[in-house]
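# Tertiary structure, described
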Amino acid sequence: MKKIGLYFGTFNPIHIGHLAIANHMAEYSDLDEIWMMVTPHNPFKKKSSLLDNNHRLEMVYRATESYPKLKPSDIEFKLPQPNYTVHTLAHLQEKYENHQFNLIMGEDNLKSFHKWKNYEVILENHNVYVYPRISEGITEHQFNNHAKIQRVNAPIMEISSTFIRKAITEDKNIRPLLPKEVWEYIDEMNFYR
C-alpha cells in the first residue's frame, strides 16, 4: 500500500517554498510520494491573474522533474466544477485502490478546516499532515490532539505566489525564489508582465 500525500495549490507560479515543503514531507514523514495537485481555474470566479491550467501544470512538471518522489497531477482538471476536496479524495480512492491518500495542508488551512464540505468524512478516511505557517487565528480545539492530524515540523516558508507575480510585474529580479526551470518558462512565455 503506497502512502500518497496530496498537496493542493493553484501553483501560480510554483516556487521554492512549495518545493521545500513538498520535499520535506517526502523526506521526513512516512509518505512515499507527494502529488502536487494543481487546482483548476474555478469557472465561477473571475481571476485574471490566474494562468491557464495547462501552463501551471507545465510549471509544476518542470519544477518537480528532478525530484522522483514529487509528482504533478491534473486529476482535478477532469472533475466537475466547482469541486470539493472530499470528491477528489473519493475519486482517487476509487481509481487507485492500492494507494492510501493523505492531505497536506498549512496550519492556516487547518484553522478553517471545520468549514470544509464534509470535513468529518475526510478525517474518517484520511490522515492530514500539517506544516507550520505564520498565521492569525486559532485552531479549532477538536483538531488539537486529533488521531488523524499529524503536525510535521517543516521549515516555515513565507513566500507567496502573489508576491512573486507582483514582483515580476514590477520588473524585480526574483529568480532565487523560483526553480530555474520555472523562471525560464515564465520568462520565455512572458507571464505576469
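Residues numbered from 1 in each chain as written. Predicted model: local features only at pLDDT ≥ 70, side-chain atom pairs only at ≥ 80, totals over all residues. Heavy atoms only, no water.

Before going further, it helps to examine the overall build of the protein. Per the secondary structure count, the protein includes seven helices and six strands. In sequence order, the secondary structure elements of the protein are arranged as β-α-β-α-β-α-β-α-α-β-β-α-α. For 193 residues, the compact-globule estimate of 2.2 N^0.38 gives 16 Å, and the C-alpha radius of gyration of the protein, at 17 Å, lies within 12% of that figure. Principal-axis analysis of the C-alpha atoms places the extent of the protein at approximately 45 × 35 × 35 Å. (Helix = DSSP H or I, 4+ residues; strand = E, 2+ residues; numbered from the N terminus. Rg over C-alpha atoms; globule rule 2.2 N^0.38 Å.)

Before going further, it helps to spend a moment on the sheet that holds strand 5 (residues 128-131). Spatially, six strands are ordered 3-2-1-4-5-6 in an open sheet, and the strand pairing comes out parallel. The open sheet has two edge strands, strand 3 (70-73) and strand 6 (149-151), and neither has a second partner. Pairs of neighbouring strands in the sheet enclose a mean axial angle of 30 degrees, with direction left out of account. Across four bridges, the pairing between strand 2 (residues 33-38) and strand 3 is parallel. (Pairing = 2+ DSSP bridges. Axes fitted to C-alpha atoms, helices over the stretch in contact; angles between N-to-C directions.)

For the rest of this paragraph, the subject is the environment of Ile-174. Topologically, Ile-174 is positioned in the loop between helix 6 (161-169) and helix 7 (180-189). The exposure class of Ile-174 is buried, given its relative accessible area of 6%. Sequence-wise, Ile-174 and Phe-163 are eleven residues apart; in three dimensions their C-alpha atoms are separated by 9.7 Å. The residues touching Ile-174, leaving out its near neighbours within four places in the chain, are Phe-163, Ile-164, Ala-167, Ile-168 and Trp-183. (Buried < 20%, exposed > 50% of the residue type's maximum accessible area, 1.4 Å probe, protein only. Contact = heavy atoms within 4.5 Å.)

Below, the discussion takes up the pairing of strand 2. Burial within strand 2 is extensive, with six of its six residues counted as buried. The alternating pattern of strand 2 places Glu-33, Trp-35 and Met-37 on one face and Ile-34, Met-36 and Val-38 on the opposite face, and all of these are buried. Relative to strand 2, strand 1 (residues 2-9) runs parallel, the two being bridged by six bridges. In the sheet register, Tyr-7 faces strand 2, and the bridge partner there is Met-36. Remark: the strand 1/helix 1 (residues 16-28)/strand 2 crossover connection has right-handed handedness. (Right-handed = clockwise from strand over helix to strand, strands pointing away.)

Here we take up helix 6. Each turn of an α-helix holds 3.6 residues, which means side chains three or four residues apart point in the same direction. Buried within helix 6 we find Ser-161, Ile-164, Arg-165, Ala-167 and Ile-168. Buried residues in helix 6, looked at end-on, bunch into an arc of 165 degrees, giving them a common side. Exposed side chains of helix 6 directed beyond 90 degrees from the buried face belong to Thr-162, Lys-166 and Thr-169. Contacts made by the buried residues of helix 6 are with helix 1 and helix 7. Where helix 6 terminates, the next one or two residues include Asp-171, which has phi positive at roughly 60 degrees. (Arc of directions from axis to C-beta.)

All chains considered together, the criterion is met by eleven aromatic pairs. An aromatic cluster is present here, built from Phe-113, Trp-116, Tyr-119 and Phe-143 joined pairwise through their rings. Over the ring of Tyr-84 we find Lys-117, and its NZ or CZ is 5.2 Å from the ring centre. (Phe/Tyr/Trp six-rings, centres within 6.5 Å; stacked < 30°, edge-to-face > 60°. Lys NZ or Arg CZ within 6 Å of the ring centre and 35° of its normal.)

Let us look at the packing of helix 2 (residues 53-64) against helix 7. One can describe the packing of helix 2 onto helix 7 by two numbers: an axis separation of 8 Å at closest approach and a directional angle of 145 degrees. Facing helix 2, whose interface residues are His-55, Glu-58, Met-59, Arg-62 and Ala-63, helix 7 presents Glu-181, Val-182, Tyr-185, Ile-186, Glu-188 and Met-189. Its residues placed into classes, the contact of helix 2 with helix 7 shows six nonpolar, one polar and four charged. (Nonpolar A, V, L, I, M, F, W, Y, C, P; charged D, E, K, R; others polar.)

This part is about the nonpolar core. Ranked by internal contacts, the top residues of the largest apolar core, which has 37 residues, are Tyr-7, Ile-14 and Ile-34. Sorting the residues of this core by element identifies helix 1, strand 2, helix 2, strand 5, helix 6 and helix 7 as the ones contributing at least two each. Per-element accounting of this core gives the leading share, five residues, to helix 1. When neighbours within four sequence positions are excluded, Ile-14 is seen to be in contact with Leu-19, Met-36, Met-59, Val-60, Ala-63, Leu-178, Pro-179 and Val-182. (Core = buried A, V, L, I, M, F, W, Y, C linked by side-chain atoms within 4.5 Å.)

The residue Leu-178 is located in the loop between helix 6 and helix 7 in this model. In sequence terms Leu-178 and Ile-164 are 14 residues apart; their C-alpha atoms lie 8.8 Å from each other.

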